[in-house]
Amino acid sequence: MTPIALIPLFPLIGFLINGIGFGKISKSLVPIIGTGASLLSFACVLTAYLQFDGTPVVVTLFDWITVGDLNIKFAFQLDQLSLIMLFVITGVGTLIHLYSAGYMSHDEGYGKFFAYLNLFLFSMILLVLGANYLIMFIGWEGVGLCSYLLIGFWNKNTDYANAARKAFIMNRVGDLGFLVGIFLIIQTFGTLEYLEVFEKAKGFQIGDGIILAITFALFVGAMGKSAQIPLFTWLPDAMAGPTPVSALIHAATMVTSGIYMIVRSNVLYSLSPATLEFVAWIGLATALLGATIGLFQNDIKKVLAYSTVSQLGYMFLGLGVMAYSSGLFHVITHAFFKALLFLGAGSVIHAMSGDQDIRNMGGLWPKIKITAITFLVGTIAISGIPPFSGFFSKDEILAHVFEHNKLMWSLALLGSFMTAFYMFRLFFVTFKGNFRGTHEQEHHLHESPSSMTLPLIVLAALSIIGGAIGFPEIFHFPHKLNEFLSPIYAGSKSVNPEFGVIHIDHSTEWILMGVSVLVAVIAIVFAYALYGNGKNVPGSDESMSGIKKVVYDKYYIDELYNNVFVNPISSLSKFFGNVIDNKFIDGIVNGVGTLVNQASAQVKKIQVGGTSSYLLFMTIGIILLLGYSLVPSLFESLKSIIK
Amino acid sequence: MLTLSLFIIPLIAGLVLLNIKNKGLASSISLVVSIIQIAVFVYAFSVFKDKSALLSFDKPWLSDFAIRFHLGLDGLSLIMVGLTVVLVSIILLAIKNLNYENIPKLLGLILLTEAALVGVFSAKDIFLFYFFFELALVPVYLIANLWGGENSSKITFKMFIYTVFGSLFMLISFVLLYMRGQSGDIESIKVTVSLLPNLIKQILFWGLLLAFSIKMPIFPFHTWLPDAYSKSPTPATMLLSGLLSKMGVYGLIRILLPFAPSGIQLYGEIIIILAVAGLVYGSIIAIKQNEIKRLIAYSSFAHMGLMAGAVLTLSVTGLQGAIFQMVAHGFNAVGLFYIAKIIFDKTGSRSLTTLGGMTQSAPLLTVMFMVVLLGSVALPLTNGFVGEFLMLKAVFDFNHVIGILAGLSVVFGAVYMLRFFQKTMYGPSNDITIKITDIGTKEMMVLVPIVIVVLLTGVFPNLILDISASFVNSLGVLNK
Amino acid sequence: MYPIIVFSVSGLLMLYLGLSVSKKSLLPINLAFLLIGLLSGFIDWNAPGLYFNNMVEVSNTLILVQSVVILAAILVAGLSSKLFEDAIDHPAEYYALMQFAVVGALIMVSFQNLIMLFVGLEILSVALYVLAGSDKRNLRGNEASIKYFLMGAFATGILLFGIAMFYGATGSFDINSGSSVANNLPEGKIFFWIGLIFIFIGLLFKISAAPFHFWTADVYQGSPTIFTAFMATIVKTAVIFALYRLAVYSFSFEYDNWSKFLVIIIGLSMIIGNLTAVYQSNFKRILAYSSISQAGFMLLSLIGLGEQSFGNLGFYTLSYAFATISGFGVFLIVSNDQLVDGRPNENINVFNGLFKRNPDLAVILLISMLSLSGIPLTSGFWSKFFVLNDAATKGYLWILILGIVMSAVSLYYYFKPIRATFGSTESESITVSAIAKATLYVCAAMTVLLGVAPNLFRGLF
Amino acid sequence: MFESSIDRVPDVFMQIPLVNFVLLATMLFTIGIIGVLIRKNAIIIFMSIELMLNAVNLLLIAFSSYRSDPNGQIFVFFIMAVAAAEVAVGLAIIVMIFRNIKTIDISLLNRLKG
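Residues numbered from 1 in each chain as written. Chains lettered and ligands numbered in written order. Predicted model: local features only at pLDDT ≥ 70, side-chain atom pairs only at ≥ 80, totals over all residues. Heavy atoms only, no water.

## Quick notes on the overall build of chain C
Then step 1. The number of helices and strands found in chain C is 19 helices and 4 strands.
Then step 2. On C-alpha atoms alone, chain C measures out to a radius of gyration of 21 Å, which is about the 23 Å that the 2.2 N^0.38 rule sets for 461 residues.
Then step 3. For chain C, with 461 residues in total, the buried portion stands at 71%.
Then step 4. Accessible surface, chain C: about 12,200 Å² in total, of which carbon and sulfur atoms supply 62%.
Then step 5. Side-chain charges of chain C comprise 23 positive and 22 negative groups, with the mean position of each set lying 6 Å from the other. (Helix = DSSP H or I, 4+ residues; strand = E, 2+ residues; numbered from the N terminus. Rg over C-alpha atoms; globule rule 2.2 N^0.38 Å. Buried < 20%, exposed > 50% of the residue type's maximum accessible area, 1.4 Å probe, protein only. Areas by Shrake-Rupley, 256 points an atom, 1.4 Å probe, with all protein chains shown as cover. Lys, Arg positive; Asp, Glu negative; His and termini not counted. Charge placed at Lys NZ, Arg CZ, Asp CG, Glu CD.)

Written out as structure tokens, the structure reads:
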């Protein structure tokens, strides 16, 4: 077997061992197997990277589905894009596995948890490593399943189980779009293999209707998986899962698969500017929506969740303006700092004995110093302060947006202002001021074990230096990421002349950078002014009113969905089941039976009587019969007699 | 001869079992029969490509009427017979460990059903097909009646009379055909069928369609199904949902497609719309069902709708998908009903409102349930996905709007199946579910093979698709 | 030919033996006579021809049909074992009457002259009038008997008028003379037509085709069950073959005309028979109405009237005999086991819980009902298939569809007793005498055997 | 009528045409039927049936002599013999009923219904 095929194999084996052996394998062995599988996988990625010579490697394991002319192979494709994603997945994945070893150590479902995590890694690797859309779809649905399993990990709680179900079903809605996209691709190109599809796509004109349909359908899939409007409401609910899950799945990897998919299909998207425009606006809207809701949330993980929604919006915004690399760049940096923030939040929650409400925290800085410092690093990174990684990726997106559309840029800037504000609000309220929790909590406050802090430190380091892979052009450093990825965009370049052309001169770019940093700094100062002393604690849920309450309650979008989709379908289900099915259709069926019965009762009536009536009926029968058969022949005979 | 033995072994064994009382003996006989059947089938499978003559059995039956006792296996039949043989073995295994009275007779009746099903799936003569088609119902009817408790009599009778009513229309069609052709041979009728006058073609199409759509069932002929599935005892339900409903799809492919191509050209679209309407309709109804078996019943009905729609698109993809899905759904439905039975036996309840939290005391059951459930919500790498993917593609290619509507069932499927899962396994446990025990070796012996099949055919669907391809390619009535 | 002689003699002998032999040994003697009669028929095997001054015909196929009649009688006799010993004072009389009735039936199957038809019919009918009323103290039996008698005699009158007209038109009673009227004058044709219709009506009455079926339900219900079974099978067989002979030999050249009204009668019979049966709760009445619809199906063969029709009818009657006798047989045993007001319970609910009480009986009942409703792999399926096929070849599509739709309706009432057997009423098990058991087993086994391999019998024709 | 075979026709038909016999017999037969239909007394119904049979006898004899064919007359003997047997059985049945319910009004016999 080639090392490429080994990449998904190790997590699969890890899953099987931990899954089948659940309850039988000793507790100390479980994390070793789980983390080991992830680490081995990472090692394979590294090997594959070292062996990689710049041309895509396709490894076909077997023919998966062969029907008529359509042959879908179970094949992996290793190229620049999948390598980048694999590094993120296995790298961050390994760190989170390590973190979980400490975080979950008191949970009874310890082995199960690691099994699920490994299964997730396996699915995610399939998603990015597949050589065709259907393998991607396997991973696509597979990560959805793992997300379901992990969100519902503490399924005794009905709300958590509901959140898990909601996530799966919303994803399914998106998956349907993806599936339609796949059907359209088969119809259009006759194949699903990336290389063939993209090669054939070069023959299409920009703005071709079918490409529009394909890209749009695929984007619907991305909306579901990457929590974009209108399919984003599951992601905040998904915070019901254990925190490492939020970090791995709902921040660093799974939710970015939509971005991966679009980058992967960049040829198609470049062919369809209309879809790109749509993607950009959806991304922007999501970024703003997420940011506004994030302003008022008081649950530490919810803030991060909406922040994730918002950051994903930025990524799509970047993709929408054809800055594929920038989107991907942000995926990477976001993976670092958002995983860091989540894990840090996990560490805080760990310290707070499970409490997630920031109104009960405060003054944690001296108690859990490593967590606090790393958390601060993450916060700075996400706020876009140079030279932290978030600055570079976000700025690159903003630059492209500026060139594309000034209105978009200003809105995006507003978003980044809010981002910096709510993140620092979160930081100040959590770590500054005095402790507001109960005595038991205060007594229990402690720094997390090293298996948890080590990942924090590593991720913090990455959050700081991660931007180095993509310096802006004006710094006169090589943009490593762009260079590495450029073969991926060969198709886009050839089909869309707009792709990759930048008109901004250096002075404008300097100004743009300056503006975005300034905005972030103002936001931080603003946040400090409000919350920096730790006195100004957000009020209780009841005290909110007006617009603030609407935003705090997430614009009542969940309620809207309930009223527009969930409740009508429930009523429809009952109506169909009880009325249409039972009363109407079955009524007709039973009615036929009743009809026969009734007819029978009527027919029976005339056949009950005395001998005379029987004889009478018989005689009538005879007469009728005679008449029926004799009248014509009698008539004939008479005619012949007359003749 | 091989096909004949596949038919005759369960027949004889079934008759023997009906006449013995000893439970142990009966169990071992049924086990032996299962093993022999599977062995014979595997052998038939191995000779399928090279020495297919071994698979055919052809003797005159009614020489005056040119009706022959002709059994044979082609790609489609091989798959269906294989499904029957394996699934019946699993059902037999499952039954033995359930608490039913009079197990030997139950096993015997199941074996008789198997014989009839093998007959249906391998018959090469229309009359033979018709006989077995009708006959397969009789033992199931008896099972439903004898082991079904108080109120099942009325419901199973409705099912019986409804489906027989449908198949009588098939008989009309066959008699008409037979009078025109003076032979019952399916292959030769295929050739001559285009010469028939229009009226006969019409009657043929509608008669056959009615028969098969009641059997499957297709909307709106389905109302016997929810009651029949939910009120019948589990063995009968397993047979009905896993195998008997497949006779309808099989009939569509084997009989209707080649016999009434002109009718399908004319009315195919309406039928597809009906089928997809049933798919969506059934899925929506399933969302709010609280009774486990009823929920699975509606889900089953929905799946059958998609199969019918896919077949009538007359595309290679649709047919392949439907054939694959027959196998997949067979296993999934049997698995689900078996799990429903386990849940009922352990808790005494089939209502979702009273269950919950079972995963805490029955993790193994949860896992098995999960895998079967994933199969039936068509998660990739399980068997459900391949069939559903191909069928949806076929319907989508046929008409984008219908295709997307059909695709909605994928979403709804997730909704009701996960609700089912959540309301039984997740959530806080209650008085009923707290003290249950997990499943043991007996149950695992049934569920593990199902799970293996679910995953194996999901990862390697070409195992089945390769065989059915030989049939589909030779069908010759498909749109290109 | 020989069976007629055998039974005429043995019937008389039986009457004498009844005086001297113990009750117990009468049944074996009766069965022996019937068997001798059955075998004697085969003396004429491969000796076809007309006998007794062209009064009766003998041919291999007719011998087969006669065997069906005798076989039915044997099976009914087999069922009678325990019953006759217990309930009836002078069973010999009834055995004798049954044998005489068989003589009548045999004559009707093979008559060559209308005189023989009349004589055969009367021998059969008069014997049955008596048998129907054999339970003298039972008012229902009395009623059945008088109804049967009055209406039977009325029908005989109709038949005779027809025969007279036929004679007037052709100048002969020979069944082949019908065609001679073709050369006759137009006035003769009117006589002929009146004759044809009246003869048809007379016989349709006996076979209880609608609308001449009114007596059937009452008579079936009122008569002792054992004789109902006898009536249902033997009369039907005899009359349908009589009709067949007339249709083929006397009336075939007028086929185009009479087939038109016959097909209406068939349709009526199917509709009325099946539809009325749905609402019944008395098992004998259900079977009575079922027999009306079965008569409709049998008559389909006359519509077909091809080379195969005779064989089809032969198969139909045999299959019908097995199914009906086993159905009545199970009912007889079960209803005598459960008395209501001192009389056998004849309601459907008598079968409640039968499967638990005696599964064998339940299975036999199931097979019988499946066969009557025409479910495949019972002989009933083939018989219906044959006759429907017969009719369809003549282009009567609608009757084919009607027949099949009505089969579906018939399922409803045929399954009433079956559903009852699965009921859970707890009651003690039923014991069955050896001979009756054997009879029932034979019937059920033959029903299935002929269903699997119809050529065993069908191929003989 | 029947001119073609006039030379074979017996003398009586020279005075009374065959059709008159047929009409008479038919009328008798019809009277019999009407009697059967409207009377309630079993014995009278039975007598009406006998009337029908005798109408047939008359018809047969007429045809027989018109055709100069003895078969018809032979048939009449058969009918008479069989009718006698029927009478025996029929009267026995009627007597049996009379013993049980002291009447022979058939409209009172209606216990058999479904």
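## Section: the overall build of chain D
Then step 1. Helix and strand counts for chain D come out as 4 helices and 0 strands.
Then step 2. Mapped in sequence order, the helices and strands of chain D form the string α-α-α-α.
Then step 3. Split into buried and exposed, the 114 residues of chain D put 43% on the buried side.
Then step 4. Pairs at least 24 apart in sequence give 57% of the contacts found in chain D among residues at least 6 apart.
Then step 5. Just so you have it, chain D exposes about 5,800 Å², and 68% of that area is on carbon and sulfur atoms. (Contact = heavy atoms within 4.5 Å.)

## Considering the interface of chain C and chain D
Then step 1. In this complex, chain C contributes 47 residues to the contact, which on the side of chain D involves 43 residues.
Then step 2. For the pair chain C and chain D, the summed buried surface comes to about 4,000 Å²; carbon and sulfur atoms form 79% of the total.
Then step 3. Counting every contact that joins chain C to chain D gives 0 salt bridges.
Then step 4. In this structure, the connection of chain C to chain D is made through 4 residue pairs in polar contact (both at pLDDT 80 or more).
Then step 5. Of all the elements in the fold, those that place two or more residues in the side of chain C that touches chain D are helix H6 (114-132), helix H7 (139-170), helix H8 (186-206) and helix H9 (214-222) of chain C.
Then step 6. With 24 residues, H7(C) is the single largest residue contributor to the side of chain C that touches chain D.
Then step 7. A breakdown of the residues in the side of chain C that touches chain D according to their chemical character gives 26 nonpolar, 12 polar and 9 charged. (Buried area = accessible area lost by both parts, 1.4 Å probe. Salt bridge = Lys/Arg side-chain N within 4 Å of Asp/Glu carboxyl O. Polar contact = N/O pair within 3.5 Å; in protein donor to acceptor, adjacent residues only side chain to side chain. Nonpolar A, V, L, I, M, F, W, Y, C, P; charged D, E, K, R; others polar.)

## Regarding the interface of chain A and chain B
Then step 1. Listed per partner, the contact involves 51 residues of chain A and 57 residues of chain B.
Then step 2. Buried area between chain A and chain B, both sides added, is near 4,600 Å², and the carbon and sulfur share of it is 72%.
Then step 3. Of all residues in chain A, the largest losses of buried area upon contact with chain B belong to Trp64(A), Arg172(A) and Phe183(A), amounting jointly to 14% of the total for that side.
Then step 4. For the pair chain A and chain B, the number of links is 1 salt bridge.

## Examining the packing of helix H3 (residues 42-67) of chain D against helix H4 (residues 71-101) of chain D
Residue and element names in this part refer to chain D.
Then step 1. Between H3 and H4, the shortest axis-to-axis distance is 9 Å and the interhelical angle comes to 175°. One element, H3, and the other, H4, form an angle in the roughly antiparallel class. Counted together, Ala-42, Ile-43, Phe-46, Glu-50, Leu-53, Val-56, Asn-57, Leu-60, Ile-61, Ser-64 and Ser-65 of H3 and Gly-72, Gln-73, Phe-75, Val-76, Ile-79, Met-80, Ala-83, Glu-86, Val-87, Gly-90, Leu-91 and Ile-94 of H4 form the full contact between these two elements.
Then step 2. When grouped by side-chain class, the residues that make up the contact of H3 with H4 number 15 nonpolar, 6 polar and 2 charged. (Axes fitted to C-alpha atoms, helices over the stretch in contact; angles between N-to-C directions. Parallel < 35°, antiparallel > 145°, perpendicular 65-115°, else oblique.)

## Quick look at the packing of helix H2 (residues 23-47) of chain B against helix H3 (residues 75-96) of chain B
Residues and elements named next belong to chain B.
Then step 1. Two numbers describe how H2 lies on H3: the axes approach to 10 Å, and their chain directions differ by 160°. One way to sum up the angle between H2 and H3 is to call them roughly antiparallel. With respect to the hand of their crossing, H2 and H3 are arranged in left-handed fashion. The segment H2 lies against H3, with Lys-23, Ser-27, Ser-30, Leu-31, Ser-34, Gln-37, Ile-38, Phe-41 and Phe-45 engaging Leu-78, Val-81, Gly-82, Val-85, Ser-89, Leu-92, Leu-93 and Lys-96.
Then step 2. Residues that form the contact of H2 with H3 fall into these classes: 9 nonpolar, 6 polar and 2 charged. (Left-handed = near helix turned anticlockwise from the far one by under 90°.)

## What to know about the pattern of salt bridges
Residue and element names in this part refer to chain C.
Then step 1. Per the stated rule, a full pass over the model turns up 21 salt bridges over all chains.
Then step 2. The salt bridge partner of Arg-245 is Glu-57, with a shortest N-O separation of 2.5 Å. Taken as a pair, Arg-245 in helix H10 (residues 225-250) and Glu-57 in strand S2 (residues 56-58) lie far apart in primary sequence, 188 residues in all.
Then step 3. Arg-285 serves as the salt-bridge partner of Asp-218, at 3.0 Å between the closest nitrogen and oxygen. With a gap of 67 residues between them, Asp-218 in helix H9 and Arg-285 in helix H12 (residues 283-304) connect regions that are remote in the sequence. For the pair Asp-218 and Arg-285, a shared accessibility class is recorded, and that class is buried.
Then step 4. The structure contains a network of salt bridges with shared partners spanning Glu-143, Lys-147, Asp-218 and Arg-285.

## Remarks on the pairing of strand S1 (residues 57-67) of chain A
All names here are of chain A.
Then step 1. The pairing of S1 with strand S2 (residues 70-78) spans 9 bridges and is classified as antiparallel. The residue bridging Val-58 from the neighbouring strand is Gln-77, located in S2.
Then step 2. Connecting S1 to the antiparallel partner S2 that follows it, the hairpin turn spans 2 residues, and Gly-68 within it adopts a positive phi of roughly 55°. (Pairing = 2+ DSSP bridges.)

## Focus on the environment of Thr378(C)
Residues and elements named next belong to chain C.
Then step 1. Mapped onto the elements, Thr-378 comes out in the loop between helix H15 (359-373) and helix H16 (379-393).
Then step 2. In this structure Thr-378 comes out as buried when scored by relative accessible area, which is 5%.
Then step 3. Considered as a pair, Thr-378 and Ala-445 are 67 residues apart in the sequence and their alpha carbons are 9.7 Å apart.
Then step 4. In this view, Thr-378 contacts Ile-367, Leu-370, Ser-371, Thr-447 and Gly-451; residues no more than four positions away in its chain are not counted.

Read these as layout, nothing more, since geometry by itself doesn't imply function.
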